[in-house]
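Coordinates in review
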Amino acid sequence: MSSGDFSIHTETCDEFDDGMPISSLPDEVTSIDDLDCECWSGFESLDDI
Ligand SMILES: [Zn+2]
């Protein structure tokens, strides 16, 4: 997994226009389960992003 790769989110995500941050994650996001789009489903945890 590449670190800080948010391009997957911007390129294919329906949620992108919803204002989901792409360069950093909000403080309230503490686990992968807090990310409500499918982009991150390939990651085991936030540490892998
Ligand atoms: Zn997304």
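Refer to the structure printed above.
Below you will find a few notes about this structure.

**Looking at the overall build of the chain**
From N to C terminus, the chain includes one helix and zero strands. For the chain, the proportion of its 49 residues judged to be buried stands at 6%.

**Brief notes about the environment of Cys39**
Assignment of secondary structure puts Cys39 in the segment after helix H1 (7-12). By the C-beta count within 10 Å, which is 21 here, Cys39 ends up buried. With 31 residues separating them in the primary sequence, Cys39 and Ile8 have C-alpha atoms 6.4 Å apart. Look past the residues within four positions of Cys39 in its chain and what remains in contact with it is Ile8, His9, Thr12 and Cys13.

**Structural notes on the environment of Ser24**
Examined against the element boundaries, Ser24 turns out to sit in the segment after H1. When the C-alpha positions of Ser24 and Phe6 are compared, they lie 8.5 Å apart, and in sequence the two are 18 residues distant.

What counts, and where the lines are drawn
Residues numbered from 1 in each chain as written. Predicted model: local features only at pLDDT ≥ 70, side-chain atom pairs only at ≥ 80, totals over all residues. Helix = DSSP H or I, 4+ residues; strand = E, 2+ residues; numbered from the N terminus. Buried ≥ 20, exposed ≤ 12 C-beta atoms within 10 Å, placed from the backbone. Contact = placed C-beta atoms within 7 Å.

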